[in-house]
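For reference, the chains in residue letters:
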Amino acid sequence: MTDPAPDIIIRTDSAEMAIEMLNHHRPSDDALGAVLACVALHAERLDHEQAIRDSLIRIAHQEGASYRQIAQSARLDQRTVATIAKSG
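First, a word on scope: everything that follows refers to the structure included in this document. (Residues numbered from 1 in each chain as written. Predicted model: local features only at pLDDT ≥ 70, side-chain atom pairs only at ≥ 80, totals over all residues. Heavy atoms only, no water.)

Looking at the overall build of the protein
Helix and strand counts for the protein come out as 4 helices and 0 strands. The order of α-helices and β-strands along the protein, N terminus first, is α-α-α-α. Going through the 88 residues of the protein one by one, you find that 14% of them count as buried. Put simply, the protein shows about 7,100 Å² of open surface, and 54% of that area lies on carbon and sulfur atoms. (Helix = DSSP H or I, 4+ residues; strand = E, 2+ residues; numbered from the N terminus. Buried < 20%, exposed > 50% of the residue type's maximum accessible area, 1.4 Å probe, protein only. Areas by Shrake-Rupley, 256 points an atom, 1.4 Å probe, with all protein chains shown as cover.)

Structure, rendered in structure tokens:
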């Protein structure tokens, strides 16, 4: 048995806005174009989520959390956490 595909959540004010967002990223009108549009939207969401995560890592470090503590919470290695904490 295979796992179902993850839900794709698009937060918009209207269905028309959601369609506009998809069409903006859709290179063609076929099924492949639709899938590529979903991939592009997901990549944008991941970029946004990563920026939030990085900001929270910097805040946690400023508040006194160790790289080890942050790494365990974020499921990252300590070197990555240190790099993020020192940036920005």
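Describing the pattern of salt bridges
This structure, assessed with the given rule, holds 1 salt bridge. One salt bridge connects Arg 53 with Asp 54, and the closest N-O pair in it is separated by 2.8 Å. For Arg 53, a relative accessible area of 27% corresponds to the partly exposed category. (Salt bridge = Lys/Arg side-chain N within 4 Å of Asp/Glu carboxyl O.)

Some thoughts on helix H2 (residues 31–62)
Its 32 residues place the ends of H2 47 Å apart at the C-alpha level, agreeing with the 46 Å of an ideal helix rising 1.5 Å per residue. Turning to H2, its buried residues number three or more, namely Gly 33, Ala 37, Leu 41, Asp 54 and Ile 57. In this structure, the buried side of H2 is in contact with helix H1 (15–25), helix H3 (67–74) and helix H4 (78–86). Backbone geometry just downstream of H2 places Gly 64 in the positive-phi region, at approximately 110°. (Expected span 1.5 Å × (residues − 1). Contact = heavy atoms within 4.5 Å.)

A word on the side chain of Asp 54
Tracing the sequence through the fold places Asp 54 in helix H2. Looking at Asp 54, its side chain comes within polar contact range of the side chain of Arg 53, at 2.8 Å. (Polar contact = N/O pair within 3.5 Å; in protein donor to acceptor, adjacent residues only side chain to side chain.)

Brief notes about unusual backbone geometry
In this structure, Arg 75 takes a positive phi of about 60° despite not being glycine. What makes Arg 75 exposed here is its relative accessible area of 78%.

A short note on the nonpolar core
Ile 57, Ile 70, Ala 71, Val 81, Ile 84 and Ala 85 form the largest nonpolar core, which has 6 residues in total. Listed by contribution, the elements that provide at least two residues to this core are H3 and H4. In terms of residue count, the dominant contributor to this core is H4 (3 residues). Beyond its immediate sequence surroundings of up to four residues, Ala 85 is in contact with Ile 57, Arg 58, His 61 and Tyr 67. (Core = buried A, V, L, I, M, F, W, Y, C linked by side-chain atoms within 4.5 Å.)

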